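Residue-level structural notes
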Protein chains: 2
Amino acid sequence: MSVSTVPLITNHLLQLLSSKDRHILLQYCDVVQLQFADILCEPNQRYRYLYFPLSGFISLVTKLAGHKPLEMGLIGNEGMLGVTLALGMTTAPMQAVVQGKGTAWRIDVADLQQFLLLCPQLQHVLQQYLFVQLAQLSQSAACAHFHELSPRLARWLLMSHDRAHSSRFYLTHQFLADMLGVRRSGVTVAAGIMQQQQFISYSRGMISILDRQALQNVACECYQAGLDEYLSVLGQPRTEDDIKQLLQQSVP
Amino acid sequence: MSVSTVPLITNHLLQLLSSKDRHILLQYCDVVQLQFADILCEPNQRYRYLYFPLSGFISLVTKLAGHKPLEMGLIGNEGMLGVTLALGMTTAPMQAVVQGKGTAWRIDVADLQQFLLLCPQLQHVLQQYLFVQLAQLSQSAACAHFHELSPRLARWLLMSHDRAHSSRFYLTHQFLADMLGVRRSGVTVAAGIMQQQQFISYSRGMISILDRQALQNVACECYQAGLDEYLSVLGQPRTEDDIKQLLQQSVP
DNA sequence: CAGCGTCTGTGCGCTAAGGCACTCATTGCC
DNA sequence: GGCAATGAGTGCCTTAGCGCACAGACGCTG
């Protein structure tokens, strides 16, 4: 319960609470490390904990028997894992896998349930976020069906970049292939082209984003649509740049 | 406000309310006819009305620029259109199109909002249903991505059959193609095979289900998964057979 | 430094589905 | 009865992505 050392990167949903509410809530939270490929919940099973990511980020994936996984959404410090608790459900609708290692606030199911009853504001924020997830989910569904690999890959890299708060992060072709529901070698080819064009570079899983703008041009419109949807409901989340700016302002 | 003439087929979500609550709610409702291909709401726009289908049913679809629509879910008398109101949102996340003509209870947004505040039971039911939709949505997403046309078509016919409360209903190949996000001629071929095998028969849009069991064998597991998900959260919805049985019991 | 596991590159044949473009049949309407 | 609209059947060529398989490349560990 290390409330004293609030990490640099904050969780945007928590930022939307009053500072009093936030402090109460954080008393029930622990800061934990999210390890790459950790599985945080399984479909139709009770959540063990809920997570408000700070620097780490989490994939929501659906699996069908006999197929690769397919990624339905990405949760970074703009969101939370376990938002269906706002529906009174303590079971998870999908599997959640850590995609980007880092830190998160973690809270017990029962604690959050109890706090939800006392804090209509949090209830409201979670409901809004759930609505956004719903919209993004249907967007991703159509995207996976109609759009081709390269635009989808670019979209995914951008979404990861946003949540990694760094232009270097760990993601193997195999992992990306699972997220996108395609062959690993398909990703290798598409990523290879992007590397040739100097949009990204990578080696043994470490990906560097070299040219964000170029990636945005390649990505399908679903990337922007996801941002817009979030923005229109929940407002502007803090970006890496915002944080730097805040720091600079407080230095002199 | 024709509360007096409650239609034969009831809405399962409303059945889960106390009869007192249900009667209060229905005072705010009108019975309306849903006409084939009517559009009931558009994404990111305010709902005009919310609907509890009785004999008609409604498709939720996502559209991406430059592509066919893609169907995300089907709402019959086991559900409702506009469940995101339980999140306090009065805008629709997707487009809704009438797929099967028939009747529905219709209610004004403001009326339902107000009633929701007075009736925690309804709030709870809608939240549960929303959870089910979320799970079904991710299932459909993966299904559309991985499964082939024939199983998906069979699934869709079964889902429609369940909600049409009749083994004959109107659905053109073109409409099905739009739902499944594929070419019309692809549907013609797949449906043609099913017709040859005597699973279904059709002519100029009127489809007859001849052999449900055979369709279930062809359909992907997503059909059953959808049923199971609903069942596990909200219990057994009334089927056509249940209703017949109820009638027979009350006759002697 | 040898060895193994992980990550990436590449190639080949295959197939479901797409795009496009007709024809044909049924139905309703003027 | 003739005409237009809608629904359905068919064919042909193209293509993105799959399954499978193997080879190189890097990096950790003993």
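Up top is the structure.
Residues numbered from 1 in each chain as written. Chains lettered and ligands numbered in written order. Predicted model: local features only at pLDDT ≥ 70, side-chain atom pairs only at ≥ 80, totals over all residues. Heavy atoms only, no water.

1. Things to note about the interface of chain A and chain B
Note on interface size: it is often stated as the accessible area lost on association of the parts. Across the boundary between the two partners, chain A contributes 41 residues, which contact 41 residues of chain B. Both sides of the chain A and chain B interface together cover about 3,200 Å² of buried area, and 73% of this is carbon and sulfur. The tally of links from chain A across to chain B stands at zero salt bridges. Counting the contacts that link chain A with chain B gives four residue pairs in polar contact (both at pLDDT 80 or more). Put simply, the parts of the chain that give the side of chain A that touches chain B at least two residues each are β5 (69–75), α4 (120–146) and α9 (222–234) of chain A. (Contact = heavy atoms within 4.5 Å. Buried area = accessible area lost by both parts, 1.4 Å probe. Salt bridge = Lys/Arg side-chain N within 4 Å of Asp/Glu carboxyl O. Polar contact = N/O pair within 3.5 Å; in protein donor to acceptor, adjacent residues only side chain to side chain. Helix = DSSP H or I, 4+ residues; strand = E, 2+ residues; numbered from the N terminus.)

2. Some remarks on the sheet that holds strand β9 (residues 200–203) of chain A
All names here are of chain A. Judged by pairing direction, the sheet is antiparallel, and its three strands sit side by side in the order β8-β10-β9 without closing on themselves. The open sheet terminates on both sides in strands that have one partner only, identified here as β8 (168–170) and β9. Sheet twist, expressed as the average angle between the axes of neighbouring strands with direction ignored, equals 20°. Direction of pairing for β8 relative to strand β10 (residues 206–209): antiparallel, over a ladder of three bridges. In the strand pairing of β10, Phe-169 is matched with Ile-207. (Pairing = 2+ DSSP bridges. Axes fitted to C-alpha atoms, helices over the stretch in contact; angles between N-to-C directions.)

3. Focus: the protein's contact with DNA strand D
Taken together, 16 residues form the shell around DNA strand D, and within it Arg-183 of chain A together with Tyr-170, Thr-188, Arg-204 and Gly-205 of chain B come nearest. Contact distances for DNA strand D include 2.7 Å between a phosphate oxygen and a side-chain N or O atom of Tyr-170 of chain B. No other element matches helix α7 (residues 184–196) of chain B, which puts three residues into the surface near DNA strand D. Tallied by class, residues from the surface near DNA strand D come to four nonpolar, seven polar and five charged. (Near = heavy atom within 4 Å. Nonpolar A, V, L, I, M, F, W, Y, C, P; charged D, E, K, R; others polar.)

4. Here's the deal with the pattern of salt bridges
All names here are of chain B. Inspection of the entire model under this criterion finds four salt bridges over all chains. Residue Glu-78 pairs with Arg-163 through a salt bridge whose shortest N-O separation is 3.4 Å. Residue Glu-78 is found in the loop between β5 (69–75) and β6 (95–100), and its partner Arg-163 is found in helix α5 (residues 149–164); the two are separated by 85 residues along the sequence. The same class applies to Glu-78 as to Arg-163, namely buried. Two residues, Arg-212 and Asp-162, come together in a salt bridge whose shortest N-O distance is 3.0 Å. Remark: Asp-162 occurs in helix α5 and Arg-212 occurs in helix α8 (residues 212–218); sequence separation between them is 50 residues. Among the residues examined, Arg-212 registers a relative accessible area of 25% and is labelled partly exposed. (Buried < 20%, exposed > 50% of the residue type's maximum accessible area, 1.4 Å probe, protein only.)

5. A closer look at the packing of aromatic side chains
Counting across every chain of the model gives four aromatic pairs over all chains. Considering the side-chain rings of Phe-36 of chain A and Phe-175 of chain A, the 5.1 Å spacing of their centres and the 40° angle between planes classify their relative orientation as tilted. Pair noted here: Phe-36 of chain A is in the loop between β1 (29–34) and β2 (39–41) and Phe-175 of chain A is in helix α6 (residues 173–180), with a separation of 139 residues, a long-range link. An angle of 85° between the planes, with centres 5.0 Å apart, marks the rings of Phe-36 of chain B and Tyr-170 of chain B as edge-to-face. Taken together, the positions of Phe-36 of chain B in the loop between β1 (29–34) and β2 (39–41) and Tyr-170 of chain B in strand β8 (residues 168–170) put the pair 134 residues apart, joining distant regions of the chain. In this structure Phe-36 of chain B comes out as partly exposed when scored by relative accessible area, which is 28%. Cluster of aromatic residues (ring-pair linked, three or more members): Phe-36, Tyr-170 and Phe-175 of chain A. (Phe/Tyr/Trp six-rings, centres within 6.5 Å; stacked < 30°, edge-to-face > 60°.)

6. Regarding the protein's contact with DNA strand C
Taken together, 17 residues sit near DNA strand C, with Tyr-170, Arg-204 and Gly-205 of chain A together with Leu-149 and Arg-183 of chain B positioned nearest. A share of 52% of the atoms of DNA strand C within 4 Å of the protein falls on sugar and phosphate groups. Here a base oxygen of DNA strand C and a side-chain polar atom of Arg-184 of chain A are 2.8 Å apart. For DNA strand C, a phosphate oxygen lies 3.0 Å from a polar atom in the side chain of Tyr-202 of chain A. The element that contributes the greatest number of residues to the surface near DNA strand C is helix α7 (residues 184–196) of chain A, accounting for four residues.

Bear in mind that shape data such as this cannot, by itself, settle questions of function.
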